[in-house]
Amino acid sequence: MNLKQPRYLLLAAAFLLPPVALAAKLEVQVQNSSGQPMAGAVVFLESAAASAAVTPAATAQIIQRDTTFIPEVLVIPRGSAVTFPNKDTVRHHVYSFSAIKPFELKLYVGTPTDPVVFEQSGVAALGCNIHDQMIAWVVVLDTPYYSHTNNDGLAVLSNVPPGDYTLRVWHKTLLSEADVAKQPLSLNSKTPLQQVKLK
């Protein structure tokens, strides 16, 4: 059997392959109502195709250290599990009354045996019944396409399939779902920088 195929046959085979849609990159500039850059905003793209592409992340963590939740904002895809290790010498009582995932981890040290699985998209605010200053947020997304803004208010989403999406932006200062920015976006290799101003 001759393994050396003529070059024209290889070229012909390549042309018969279906075209591959190149992934696109999106840059988003987020500002507050005064036009100042907003660091720590969560920028994400939603669509039916994005929802179908969601897979749970490996188990994530929100650590309690120095009576602080670390990280303050955790972003995960829908269906992901989160553990809450207590690295302090005092006991904590972690809870959330949020509609997407109400739960309680009563007074404990170390790491609870069972992680908390977040099956629904949305935002869960966390607190500690013992230390009122401890606040954190778990942002559960119905999309694998998301990023955070840096100190300049810029977020970069890479390797996103071209298509029609809804561009959304969340920040911990927003008071309700109605305040979460939302705008239609057709993404391709020529999509320019998007600017979003939060309320």
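The notes below deal with the structure included here. (Residues numbered from 1 in each chain as written. Predicted model: local features only at pLDDT ≥ 70, side-chain atom pairs only at ≥ 80, totals over all residues. Heavy atoms only, no water.)

The next point concerns the overall build of the chain. Helix and strand counts for the chain stand at two helices and 17 strands. Sequence-distant contacts, at least 24 apart, represent 62% of the contacts inside the chain between residues at least 6 apart. On the chain, roughly 11,500 Å² of surface is accessible, and the fraction owed to carbon and sulfur atoms is 55%. (Helix = DSSP H or I, 4+ residues; strand = E, 2+ residues; numbered from the N terminus. Contact = heavy atoms within 4.5 Å. Areas by Shrake-Rupley, 256 points an atom, 1.4 Å probe, with all protein chains shown as cover.)

This brings us to the pairing of strand S7 (residues 80–83). Side chains Ser 80 and Val 82 project from S7 onto one buried face, and the interleaved Ala 81 and Thr 83 project onto a second face that is buried too. One ladder, built from two bridges, connects strand S3 (residues 60–61) with S7; its direction is parallel. Across the sheet, Ala 60 pairs through a bridge with Val 82, a residue of S7. Alignment of S7 against strand S10 (residues 116–118), held across three bridges, turns out to be antiparallel. Bridged to Val 82 within S10 is Val 116. (Buried < 20%, exposed > 50% of the residue type's maximum accessible area, 1.4 Å probe, protein only. Pairing = 2+ DSSP bridges.)

Turning our eyes to something else, we now look at the sheet that holds strand S2 (residues 42–46). Read from one edge to the other, the open sheet built from four strands follows the order S13-S2-S15-S16, with strand pairing classed as antiparallel. Of all the strands in the sheet, the pair left with one neighbour each is strand S13 (146–148) and strand S16 (181–187). Neighbour to neighbour, the strand axes of the sheet diverge by 25 degrees on average, direction disregarded. Judged from the three bridges that link them, S2 and S13 form a sheet pairing that is antiparallel. (Axes fitted to C-alpha atoms, helices over the stretch in contact; angles between N-to-C directions.)

All told, the structure shown has four salt bridges when counted by the stated rule. For Glu 46, the salt bridge goes to Arg 168, with nearest N and O atoms at 3.6 Å. Here Glu 46, found in strand S2, pairs with Arg 168, found in strand S15 (residues 163–170); they are 122 residues apart in sequence, far enough to count as distant. For Glu 46, a relative accessible area of 25% puts it in the partly exposed group. Residue Glu 72 is joined to Lys 172 by a salt bridge in which the shortest nitrogen-to-oxygen separation is 2.8 Å. You can see Glu 72 sitting in the loop between strand S5 (68–70) and strand S6 (73–77) and its partner Lys 172 sitting in the loop between S15 and S16, a full 100 residues away along the chain. The partly exposed category is assigned to Glu 72, whose relative accessible area is 34%. (Salt bridge = Lys/Arg side-chain N within 4 Å of Asp/Glu carboxyl O.)

Bringing the sheet that holds strand S1 (residues 24–31) into the picture now. Taken in spatial order, the three strands make up an open sheet running S14-S1-S17, and their pairing is mixed. The sheet is open, and its two borders are formed by strand S14 (154–160) and strand S17 (194–197), each paired with just one other strand. Pairs of neighbouring strands in the sheet enclose a mean axial angle of 25 degrees, with direction left out of account. Pairing of S1 with S17 involves four bridges; the strand directions are parallel. Note that in S17 the partner of Val 28 across the bridge is Gln 194.

If you walk through the whole model with that rule in mind, you get five aromatic pairs. Measuring from ring centre to ring centre gives 6.1 Å for Phe 103 and Phe 118, while their planes differ by 90 degrees; the resulting arrangement is edge-to-face. Taken as a pair, Phe 103 in strand S9 (residues 103–108) and Phe 118 in strand S10 lie far apart in primary sequence, 15 residues in all. Every member of this aromatic cluster is reached through a ring pair, and the members are Phe 84, Phe 103 and Phe 118. (Phe/Tyr/Trp six-rings, centres within 6.5 Å; stacked < 30°, edge-to-face > 60°.)

Mapped onto the fold, Ser 96 is located in strand S8 (residues 92–96). At 3.1 Å, the side chain of Ser 96 and the side chain of Ser 98 are in polar contact. (Polar contact = N/O pair within 3.5 Å; in protein donor to acceptor, adjacent residues only side chain to side chain.)

The next thing to look at is unusual backbone geometry. Backbone torsion omega between Ile 70 and Pro 71 reads 0 degrees, so that peptide bond is classified as cis. With respect to the element layout, Pro 71 can be found in the loop between S5 and S6. In the Ramachandran plot, Thr 67 falls in the positive-phi region, its phi being about 45 degrees despite a non-glycine side chain. Relative to the elements of secondary structure, Thr 67 occurs in the loop between strand S4 (63–65) and S5.

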